[in-house]
Number of protein chains: 4
Amino acid sequence: MQKLKHILYRIIFGTETPAGRAFDVVLLWAILLSVLTVVLESVKSVRVAYPGTFQFLEWFFTILFTAEYILRILTHPRKYITSFFGIIDLLAVLPTYAGLFFLRSHFLLTVRAFRLLRIFRILKLGRYMHESQVLISALKKSMYKIIVFFGVVLTLVLFLGTLMYLVEGERNGFTSIPQSIYWAIVTITTVGYGDIAPATVLGKFISSVAMLIGYSIIAVPTGIITVEISDAVKSSQQQKQLTCPSCDYREPDKEARFCKKCGTKLE
Amino acid sequence: MQKLKHILYRIIFGTETPAGRAFDVVLLWAILLSVLTVVLESVKSVRVAYPGTFQFLEWFFTILFTAEYILRILTHPRKYITSFFGIIDLLAVLPTYAGLFFLRSHFLLTVRAFRLLRIFRILKLGRYMHESQVLISALKKSMYKIIVFFGVVLTLVLFLGTLMYLVEGERNGFTSIPQSIYWAIVTITTVGYGDIAPATVLGKFISSVAMLIGYSIIAVPTGIITVEISDAVKSSQQQKQLTCPSCDYREPDKEARFCKKCGTKLE
Amino acid sequence: MQKLKHILYRIIFGTETPAGRAFDVVLLWAILLSVLTVVLESVKSVRVAYPGTFQFLEWFFTILFTAEYILRILTHPRKYITSFFGIIDLLAVLPTYAGLFFLRSHFLLTVRAFRLLRIFRILKLGRYMHESQVLISALKKSMYKIIVFFGVVLTLVLFLGTLMYLVEGERNGFTSIPQSIYWAIVTITTVGYGDIAPATVLGKFISSVAMLIGYSIIAVPTGIITVEISDAVKSSQQQKQLTCPSCDYREPDKEARFCKKCGTKLE
Amino acid sequence: MQKLKHILYRIIFGTETPAGRAFDVVLLWAILLSVLTVVLESVKSVRVAYPGTFQFLEWFFTILFTAEYILRILTHPRKYITSFFGIIDLLAVLPTYAGLFFLRSHFLLTVRAFRLLRIFRILKLGRYMHESQVLISALKKSMYKIIVFFGVVLTLVLFLGTLMYLVEGERNGFTSIPQSIYWAIVTITTVGYGDIAPATVLGKFISSVAMLIGYSIIAVPTGIITVEISDAVKSSQQQKQLTCPSCDYREPDKEARFCKKCGTKLE
């Protein structure tokens, strides 16, 4: 029994054995197909042309993934359930069952797409893994600055929204402060749908100032993330530094051949 | 009397005592609720559903904050009134009183949101404070460059607006030079509402050139702010350098335990 | 005669004497007012309210600036005419005279706004001058890279425009290849007016790919300019290095008090 | 025969001989004119005014470029056919022949514009070549990070599209998940056409969050590319370092005249 569990573990979670690799490849294709099914079903002309097909496919994939989820819990019960992929795997089957009670909720099955991110881990392409970690560490480090930045931006946006609500009023589409805040965010992020746009002279003046000031301010997250990526890249390069095997001295000169502290040959 | 003033000071301005912390927490919630009140009132359906409620709540919070403002002046009269938060605290109660004379001016109560920025100071979360200071110092240093940049951009935008006013004319929505300047700012900041868009061939050509040139130019503030954030981060890391207490030598190696100039043990 | 010329030169071009400074201040105000006149005239309601006023003011300022231009040529004939400001000063009076032949051309008088850029030179605020030079030198250095970049972008935009002209066709607003190129530039610079937008499924797919690819590509000028600004800032800081007055050694340590090469006291 | 081939090779591929240079200049002008022909033909009013002219010009240029393509294959048969410009040169004549079978396909002749990129190679302007290589090497290095980034963005955009399809529904233009994904890409890249925009309160709230989060995320490619350009610029500057001819020591000081390790005169 314990041995069966171990074999299953190596197939489901591992990628070293041929069976384990085959399992992962089949799984990724199944996920891709199941996401495609949901996306296609949402297109009316396709849905009408193949009635019943999509419901069948959704239940088919859901039962498949439910079985896989139960197997995963059984073979690796401890940390899996509360891990990122454990939660995603659960969310990836729930919408179909929820669809029995709530109409249309089964479209949320596209959450399965997040399971595809496993591809970076499965492929074990060192290069991609390494680059992902550099990006993640950069984003993590910039988190505190980004939170402070968003605190200030939200306050500005709230005040700007109020101002425009008073200046433009309900006639020009600024029907309430939440609506005006939506407009302010659309403007400051430079998305600019144009579904709501200032119509009065004063409103246009305030918008112009907001765009110019806002543009400089919105340059801040770019600046923050650029600096952190730069640091993360540098520190990942430093980890590649030569380290002396006998005295642990870190040699910054990459072309050094002997440790300059104890003379041990490097590498 | 003097002692009472001191106790009040510690409660209102301080965050070390339990009473001081409780005061700040209650205050932040009151501000949040009062801002929410104003935002909700602006939504017509909500306003109609609860007549009178909002007027009551606004006066309730205003009287509360007025009392708090007076207490703050009494306990810490010197620098407070002219400080950033002193001015914001005053602006946060004025709109209700102004509402007696000017219709709808009470919506400006959302200016209270700026009081919420106090949260960074109150929480005394070193990390957030530190990151805010890095950002502020970066923005301060880039100020001169940004002013020069905006001088050039405003001139360009004025000239571009005139050109489009002549080329497109009043038929196509470019009804005056100020209106065209508004269009030029919307275009150069890449917001692009589309409420005014070029209709003639020449107008579209000029716009295309403006967008391409403008895009490169607008990359400048991002560049400026990125460089300054980079410097600010570096210099904030340097402040963490070890400094020898006897000879003031700055040791860049953070793991050094003795000053390499005079042998004094480092902190 | 020669002496009068010298005195006029110091008043008109110089900023050291009280008369020179007064001349510049009056000039800047006159330029500002004359630009404001043109901008206001373009607003129909204002133009109708004060008939004749604007024509008078335009001729008044034009004659004033023509006189100034002639004086400038007389007192500093050599390099002035072909300098940047020499050309701008000429362009700043021509539109009024051209207005005798071409209707509405006098609105181009807003070109005078460029004369206001003189303010950075006149104020002789070292700080602003210095920051301008850092920015200009950064933009100059990045020019070659930007030209290469624009060569590639224009080719891409031309091909993308053709593709969308074929896919979307004249029904959906893509009436010709130049029109489609205009759309491609509006899209790739992320301006996105929405006056022309893809309507077919294939068109939307191509647009989506273009936006994502285009977004990465358009990040390139920001990158180029950021790097050059960073270099320009660094090299401007190096110029502030201490230089030994006796042996010309450049001391990078800004807190050094004696030259470490020859022992001379620094600064 | 072999000699004729060599002479033709020098004229067609080389740029050192006067004949070779003349060939390239004529070729570039012919390409430019042929692209202009196609672009002009797409404009209805022009096409109607000169019937037949464009068909003649297209066949004229196509036969010319076909002859050139055959000559290129004959004189330099090996690597040319499969090289970047070999493929572009073929694609640049195919659309006319394809036009015999497929209506309007001849507009794809604008692909010829890519042949114009040869200008950077032909001009042999060292400066431009060098800058291109710096840019290309930066983009190549950032490729892995950009792929990881796009994997995450596509997943996010798919999920966001599904969410908005459920929240907004077909009434408000979100007619299917692919349509909603198109909207999500338009929003996250800050293009914001406004052809589809959220209409419900919940939809606007989700959009606002998506814009703010998305804006920070989209700053990542800018950060990645900036860092890589910075590195590419630095390493291209290091190649300019002086290297001692006798001991291979790399001298960072560009004004050094003797190797500081072995005293050999540099350069």
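Thresholds, definitions, all that
- Residues numbered from 1 in each chain as written.
- Chains lettered and ligands numbered in written order.
- Predicted model: local features only at pLDDT ≥ 70, side-chain atom pairs only at ≥ 80, totals over all residues.
- Heavy atoms only, no water.
- Least-squares fit on C-alpha atoms with pLDDT ≥ 70 in both.
- Contact = heavy atoms within 4.5 Å.
- Domains from an automatic or database assignment.
- Buried area = accessible area lost by both parts, 1.4 Å probe.
- Salt bridge = Lys/Arg side-chain N within 4 Å of Asp/Glu carboxyl O.
- Polar contact = N/O pair within 3.5 Å; in protein donor to acceptor, adjacent residues only side chain to side chain.
- Helix = DSSP H or I, 4+ residues; strand = E, 2+ residues; numbered from the N terminus.
- Nonpolar A, V, L, I, M, F, W, Y, C, P; charged D, E, K, R; others polar.
- Core = buried A, V, L, I, M, F, W, Y, C linked by side-chain atoms within 4.5 Å.
- Buried < 20%, exposed > 50% of the residue type's maximum accessible area, 1.4 Å probe, protein only.
- UniProt positions renumbered as here; feature names shortened; annotations may be inferred.
- Phe/Tyr/Trp six-rings, centres within 6.5 Å; stacked < 30°, edge-to-face > 60°.

Enquirer: So what exactly am I meant to see when it comes to the relation of the copies chain B and chain A here?
Expert: Each of the two copies of the chain can be brought onto the other by a rotation about an axis and a shift along it. Overlaying chain B with chain A gives an RMSD of 0.1 Å, the required rotation being 90° about an axis along which the chain moves by 0.0 Å. The symmetry that links the two subunits is that of a four-fold axis. A share of only 13% of interface residues in chain B that are also interface residues in chain A marks the association as one of differing surfaces.

Enquirer: Please clarify how the domain arrangement of chain A should be interpreted in this entry.
Expert: You'll often see interface size given as the accessible area lost when the parts meet. One can read the domain layout of chain A as domain 1 (2–128) and domain 2 (134–220). A separation of 39 Å is found between the C-alpha centroids of domain 1 of chain A and domain 2 of chain A.

Enquirer: Would you mind showing me how to read the interface of chain B and chain A here?
Expert: Contacts between the two partners involve 46 residues from chain B and, on the opposite side, 45 residues from chain A. Buried surface at the junction of chain B and chain A, both sides included, amounts to about 4000 Å², of which 74% is carbon and sulfur. For the interface between chain B and chain A, the tally reads one salt bridge. At the junction of chain B and chain A, the tally comes to five residue pairs in polar contact (both at pLDDT 80 or more). Broken down by secondary-structure element, the contributors of at least two residues to the side of chain B that touches chain A are helix 2 (18–41), helix 3 (44–49), helix 9 (126–141), helix 10 (143–168), helix 11 (177–188) and helix 12 (201–238) of chain B. At nine residues, helix 12 of chain B tops the list of elements feeding residues into the side of chain B that touches chain A. For the side of chain B that touches chain A, the class distribution of residues is 29 nonpolar, eleven polar and six charged.

Enquirer: What am I meant to see in the nonpolar core here?
Expert: For soluble globular proteins, the rule of thumb is that nonpolar side chains tend to be buried together. Counting 208 residues, the largest nonpolar core has Ile229(A), Ile229(B), Ile229(C) and Ile229(D) as the members making the most contacts within it. Among residues more than four places away in sequence, those in contact with Ile229(A) are Leu135(A), Ala138(A), Val220(D), Gly223(D), Ile224(D) and Val227(D).

Enquirer: Just checking my understanding: could you explain the UniProt feature "transmembrane region" (unreviewed entry) in chain A for this structure?
Expert: Residue and element names in this part refer to chain A. UniProt tags residues 21–40, 52–71, 80–100, 144–166, 181–202 and 209–227 as "transmembrane region" (unreviewed entry). Its end C-alpha atoms 29 Å apart, residues 52–71 is made of 95% helix and 0% strand. Secondary structure content for residues 209–227 is 100% helix and 0% strand, while the C-alpha to C-alpha distance between its ends is 28 Å.

Enquirer: Would you mind showing me how to read the packing of aromatic side chains here?
Expert: Aromatic rings in a pair are described by how distant their centres are and how their planes are angled relative to each other. Counted by the stated rule, this structure contains 32 aromatic pairs over all chains. Where Phe61(C) meets Phe65(C), the ring centres are 6.1 Å apart and the plane angle is 20°; that geometry is what we call stacked. Highlighted residues: Phe61(C) and Phe65(C), both in helix 4 (residues 53–75), separated by four residues, approximately one helical turn. For Phe61(C), a relative accessible area of 7% gives the class buried. Each residue in the set Phe56(A), Phe60(A), Phe61(A) and Phe65(A) is aromatic and connected to the rest through ring pairs, giving one cluster.

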